[in-house]
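Coordinates in review
Each chain, letter by letter, is given below.
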Amino acid sequence: MFELFNPQVAVANIGPLLGGLLITVELTFVVIALSLIFALFVALAGMSRITPLRWVVKCYVEVIRGTPLLLQLIYVYYVLPSLGVRLDPFSAGVLALTLNYSAYISEVYRGGIQAISRGQHDAAAALGMTNALAMRRIILPQAIRIVLPTLGNYFISLFKDTALASAVSIQELVYTAQVRAALSYQYFTLYTVVAVMYFAVSFPAARLVGYLERVTRAGYRRRRP
Amino acid sequence: MTMGTGRPMIEVEDLHKHFGKLHVLRGIDLSVATGEVVCVIGPSGSGKSTLLRCINHLESPESGRVRIDGRLAYRDEDGGVFKAHSNRAIAAVRAQVGMVFQHFNLFPHLTVMGNLIEAPIHVLRQPRAAARQSAMELLVMVGLADKADSYPEELSGGQQQRAAIARALAMDPKAMLFDEVTSALDPELVAEVLAVMRRLASQGMTMLVVTHEMSFARQVASRVVFMDHGRIVEEASPEQIFGAPREPRTRDFLRTVLER
């Protein structure tokens, strides 16, 4: 064990690895922010009365779900330039991950919106609300609360999926470890530290999601002193 | 018992509605005058609720006309071809007609106060303070002043339904539609909701009430409509409907429900 795990190597590499973790976290948060918004538009377009719009959304979601994320990353970074779209690695990673996660999250949103009963739509309509107003003020606030724990789980898996972005040379955690390991051959030590770092973030995050689940299940109640 | 002033507030003309092959409304003609309380009774599946939902355009009938306060609502007709009004125009008519549902349909993510002021603020563009003040007056009227900050699921069924009535009244509607509003309540909670409705009727509100509460219909209605199989079978004063119904089907129905 101690022949394999070299504490000195670990300490010497902790700085660059934490730098990689920072890129990983940054990438995660940028993609969360973008896909939360983009996926909402995808979900609403997918439920639109305009048939061609629904088809476009359907095709997009099915293509994304039917192809590997790694391929999508490679496609955006290596294939788009031949179509004249040249992106730096980070932007390519953000684009591919956002497109991928938005497809899945749009389905989560759709499920949440459809879980709201007909009676809520009726009541909003009977009060003179237009569909758009009812969606914004009545349906979405309830739907988002329903899907919050599911979204949390998706974002934890996004955090881990960003490791695939190493394939397009984003200098995130795994990429940093690969470069360092290639120089020093200290695979065991470096990748163990990397694993601990991923776990140290995703485990507390998963606990937070568990807490969210309990809170949302409890229903809407007045907070009493 | 309030009598109408004669000016028709809700007019329905030759309304037809199918659900698939089922012909739910088979040519309904009905008029409710301002200040009138019309109760619609009849067996389940007779089309009573569908009629109410068509008046608010929550269902769209295949043919027929609905007029609210003298104006053709929801769509125009040109030689038997209907052209729907814009969503905004439809919403504007609905804003003038209050509706109360069997299952309350309060917004669970808003407090009782939030439920009452939501549409006045966002549909009628009332200032928040004014909306809150009139909402509070309505909550006093329905006996829920102390529940303003509670969430719907913290209330009993009767309280929820009274809040739902107050929510509809907060829009200052020209007429109110009640769709079996006591059917989902425990028996001991029915009276408190009916009391609010009686009060409303005595204040001159125009009301169209689909109900199974025969004593309410007998005491409060200015007119009772008996529906069966998508048609209005008989329409008369409560005295006549409950005392000496003309139609055999009305007699049969009343015998079954009153003998319980």
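**Remarks on the overall build of chain A**
For chain A, the helix and strand inventory stands at eight helices and zero strands. Seen through its C-alpha atoms, chain A measures out along the principal axes to roughly 70 × 60 × 25 Å. Considering only contacts within chain A whose residues lie at least 6 apart along the sequence, 77% involve residues at least 24 apart. For chain A, the exposed surface amounts to about 12,200 Å²; the carbon and sulfur share of it is 67%. Across chain A, 19 positive and 9 negative side-chain charges occur, with their mean positions spaced 16 Å apart.

**Focus: helix α5 (residues 118-126) of chain A**
In terms of residue burial, α5(A) counts as a mostly covered element, since seven of its nine residues are buried. Looking at the packing, one finds that the buried side of α5(A) touches α6 (131-161) of chain A together with α1 (48-55), α2 (87-94), β8 (97-100) and α5 (157-169) of chain B. One or two positions beyond α5(A), positive phi appears at G128(A), with a value near 85°.

**Structural notes on the side chain of T211(B)**
Residue and element names in this part refer to chain B. Within the secondary structure, T211 sits in the loop between β10 (206-210) and α7 (214-220). A relative accessible area of 5% places T211 in the buried class. At 2.9 Å, the side chain of T211 forms a polar contact with the backbone nitrogen of E213. Once residues within four sequence positions are removed from consideration, T211 is found in contact with C39, V40 and I41.

**Structural notes on the interface of chain B and chain A**
Each partner contributes residues to the interface: chain B has 30 residues there, and chain A has 24 residues. Roughly 2,400 Å² of surface becomes buried between chain B and chain A when both sides are summed, with 56% attributable to carbon and sulfur atoms. Considering only the side of chain B, the residues that lose the most area to chain A are F107(B), H109(B) and E154(B), jointly responsible for 23% of the buried surface there. Across the contact surface, chain B and chain A share three salt bridges. Between D122(A) and R53(B) there is a salt bridge, with its nearest N and O atoms 2.9 Å apart. One can count eight residue pairs in polar contact (both at pLDDT 80 or more) joining chain B with chain A. For the side of chain B that touches chain A, the secondary-structure elements that each account for two or more residues are α2, β8, α3 (112-122) and α5 of chain B. If one sorts the elements of the side of chain B that touches chain A by residue count, α2(B) sits on top with four residues. Its residues placed into classes, the side of chain B that touches chain A shows 15 nonpolar, six polar and nine charged.

**Comments concerning empty space enclosed by the protein**
Residue and element names in this part refer to chain B. Considering all chains together, one arrives at three cavities of 30 Å³ or more under this definition. Empty space within the largest cavity amounts to approximately 60 Å³. Around the largest cavity sit C54, H57, P61, G64, R65, V66, L72, A73, Y74 and R75, which together line it. When residues of the lining of the largest cavity are assigned to their parent elements, the largest contribution, three residues, is made by strand β4 (residues 63-68). Here the residues of the lining of the largest cavity are counted per class, giving six nonpolar, two polar and two charged.

**Description of the state of the cysteines**
Residue and element names in this part refer to chain B. The full count for this structure, using the stated rule, is zero disulfides over all chains. The structure places no disulfide on C39, whose sulfur is separated from the nearest cysteine sulfur, that of C54, by 19 Å. For C39, a relative accessible area of 0% puts it in the buried group.

**Description of the pairing of strand β7 (residues 81-84) of chain B**
All names here are of chain B. Bridging between strand β6 (residues 75-78) and β7 involves four bridges; their strand directions are antiparallel. Bridging across to β7, E77 finds its partner in F82. Between β6 and β7, which pair antiparallel and follow one another directly, the connecting turn spans two residues, one of which, G79, has a positive phi of 55°.

**Some details on the sheet that holds strand β2 (residues 22-33) of chain B**
All names here are of chain B. The sheet built from four strands is open, its strands ordered β2-β1-β4-β5 with antiparallel pairing. The open sheet is flanked by β2 and β5 (71-72), the only strands paired with a single partner. Of the strand pairs in this sheet, strand β1 (residues 8-19) and β4 are connected by five bridges, and their pairing is antiparallel. Each residue of the ladder has a partner; that of E11, found in β4, is R67. Packed onto the sheet, α1 meets β1, β2 and β4 and runs at close to 120° relative to β1.

Definitions and cut-offs
Residues numbered from 1 in each chain as written. Chains lettered and ligands numbered in written order. Predicted model: local features only at pLDDT ≥ 70, side-chain atom pairs only at ≥ 80, totals over all residues. Heavy atoms only, no water. Helix = DSSP H or I, 4+ residues; strand = E, 2+ residues; numbered from the N terminus. Contact = heavy atoms within 4.5 Å. Areas by Shrake-Rupley, 256 points an atom, 1.4 Å probe, with all protein chains shown as cover. Lys, Arg positive; Asp, Glu negative; His and termini not counted. Charge placed at Lys NZ, Arg CZ, Asp CG, Glu CD. Buried < 20%, exposed > 50% of the residue type's maximum accessible area, 1.4 Å probe, protein only. Polar contact = N/O pair within 3.5 Å; in protein donor to acceptor, adjacent residues only side chain to side chain. Buried area = accessible area lost by both parts, 1.4 Å probe. Salt bridge = Lys/Arg side-chain N within 4 Å of Asp/Glu carboxyl O. Nonpolar A, V, L, I, M, F, W, Y, C, P; charged D, E, K, R; others polar. 1 Å grid on protein atoms, 1.4 Å probe; cavity = no way out; pocket = protein on both sides within 12 Å on 5 of 7 lines; lining within 4 Å. Points joined across faces, edges and corners; volume = space filled by probe spheres on them. Disulfide = S-S within 2.5 Å. Pairing = 2+ DSSP bridges. Axes fitted to C-alpha atoms, helices over the stretch in contact; angles between N-to-C directions.

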